[in-house]
Amino acid sequence: CPAPVQPRKSPSRSSGCSPTKPAISPVPCSTLRAGVEMADYREISQQYAQGGIKACILINSGASVAILSQMQDLMVMGLSKPASISIFLWVIGIFLGSMTWYFGFCSTRHVDRSEDKSIGRPDLEIQFSNKYMMAGLRCMLGSYVLFLVGALVLCGCTYFAEMAP
């Protein structure tokens, strides 16, 4: 193990690392002093949240670009209206995914404020943090639902257009 460079001042603000963990080290924060690996669930949940936000923006924007690149063919097939509806839903999904970042920032900021000793009501800051977190989760879920609905609109209309005589 490398020699400690500088101990962290506040373990709660440092993504869950222990106070004896060096500030700069190639060893992950989940490594204990005894060498036993422990899961740092705060870091893990942050990574999952970041991945989820990126995924909901990526699938909606990818679907929009894919349909826009095929719009000429869809117009010939008479599917420009369902394609436009799908793109509209996916753009709203992109917006909701972007708002998830905002709510995540607000949630994190209130957790940070709850650890400030000069704040008189840290429990109130945690309540605000939880509200922002739930708003972010709703936006992310809404983004995924809009992707699914947009895909179903386009697939359903394509299926029925092919079935027509």
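Each remark here, short or long, concerns the structure printed above.
Throughout what follows, the structure given in this document is the object of discussion. Just so it is clear, the structure is predicted and the values come from calculations on it, not from any experiment.

1. Brief notes about the environment of Asp123
For step 1, the next point in the chain: If you trace the backbone, Asp123 turns up in helix α4 (residues 122–163).
For step 2, the next point in the chain: Overall, the relative accessible area of 40% leaves Asp123 in the partly exposed class.
For step 3, the next point in the chain: For the pair formed by Asp123 and Val111, sequence separation is 12 residues and the distance between their alpha carbons is 9.6 Å.

2. Let's talk about the environment of Pro82
For step 1, the next point in the chain: Tracing the backbone through its elements, the reader meets Pro82 in helix α3 (residues 80–114).
For step 2, the next point in the chain: Relative accessible area serves as the criterion here: at 8%, Pro82 is assigned to the buried category.
For step 3, the next point in the chain: When the C-alpha atoms of Pro82 and Leu152 are compared, they prove to be 9.9 Å apart, with 70 residues separating the residues in sequence.
For step 4, the next point in the chain: For Pro82, the contacting residues outside a window of four places in its chain are Val153, Leu154 and Cys157.

3. Notes on the pattern of salt bridges
For step 1, the next point in the chain: Under the defined criterion, the tally for this structure stands at three salt bridges.
For step 2, the next point in the chain: Note that Arg109 and Asp112 form a salt bridge whose closest N and O atoms lie 3.0 Å from each other. Here Arg109 and its partner Asp112 are both found in helix α3, three residues apart, which amounts to about one turn of the helix.

4. Describing the side chain of Ser64
For step 1, the next point in the chain: Relative to the helices and strands, Ser64 resides in helix α1 (residues 41–69).
For step 2, the next point in the chain: Of the polar contacts made by the side chain of Ser64, one reaches the backbone oxygen of Asn60; its length is 3.0 Å.
For step 3, the next point in the chain: With residues up to four places along the chain from it excluded, the contact list for Ser64 reads Ile87, Trp90, Val91 and Ile94.

5. As for the side chain of Ser129
For step 1, the next point in the chain: Within the secondary structure, Ser129 is located in helix α4.
For step 2, the next point in the chain: Every residue in contact with Ser129, bar those within four places of it in the chain, is listed here: Ser107, His110 and Val111.

6. Describing the state of the cysteines
By definition, a disulfide is the covalent link that joins the sulfur atoms of two cysteine residues.
For step 1, the next point in the chain: In the structure shown here, the tally under the stated rule is zero disulfides.
For step 2, the next point in the chain: Lacking any disulfide linkage, Cys139 is separated from the closest cysteine sulfur, that of Cys56, by 9.0 Å.

7. Considering the nonpolar core
For step 1, the next point in the chain: Counting nine residues, the largest nonpolar core consists of Ala63, Ile67, Met71, Leu74, Leu79, Ala83, Ile87, Trp90 and Leu154.
For step 2, the next point in the chain: Where this core is concerned, the elements lending two or more residues are α1, α2 (71–76) and α3.
For step 3, the next point in the chain: It is α3 that provides the largest number of residues to this core, a total of three residues.
For step 4, the next point in the chain: Within the second largest apolar cluster, six residues are counted, among which are Leu89, Leu96, Phe103 and Leu146.

8. Details of a nonpolar patch on the surface
For step 1, the next point in the chain: Residues Tyr41, Ile44 and Tyr48 make up a contiguous nonpolar surface patch of about 400 Å² in total accessible area.
For step 2, the next point in the chain: Among the structural elements, Tyr48 can be located in helix α1.
For step 3, the next point in the chain: Taking the relative accessible area as the measure of exposure, Tyr48 reaches 65% and is therefore exposed.

Scoring rules and cut-offs
Residues numbered from 1 in each chain as written. Predicted model: local features only at pLDDT ≥ 70, side-chain atom pairs only at ≥ 80, totals over all residues. Heavy atoms only, no water. Helix = DSSP H or I, 4+ residues; strand = E, 2+ residues; numbered from the N terminus. Buried < 20%, exposed > 50% of the residue type's maximum accessible area, 1.4 Å probe, protein only. Contact = heavy atoms within 4.5 Å. Salt bridge = Lys/Arg side-chain N within 4 Å of Asp/Glu carboxyl O. Polar contact = N/O pair within 3.5 Å; in protein donor to acceptor, adjacent residues only side chain to side chain. Disulfide = S-S within 2.5 Å. Core = buried A, V, L, I, M, F, W, Y, C linked by side-chain atoms within 4.5 Å. Patch = residues over 30% accessible without salt bridge, like charges linked within 9 Å, V, L, I, M, F, W, Y side chains within 5 Å. Areas by Shrake-Rupley, 256 points an atom, 1.4 Å probe, with all protein chains shown as cover.

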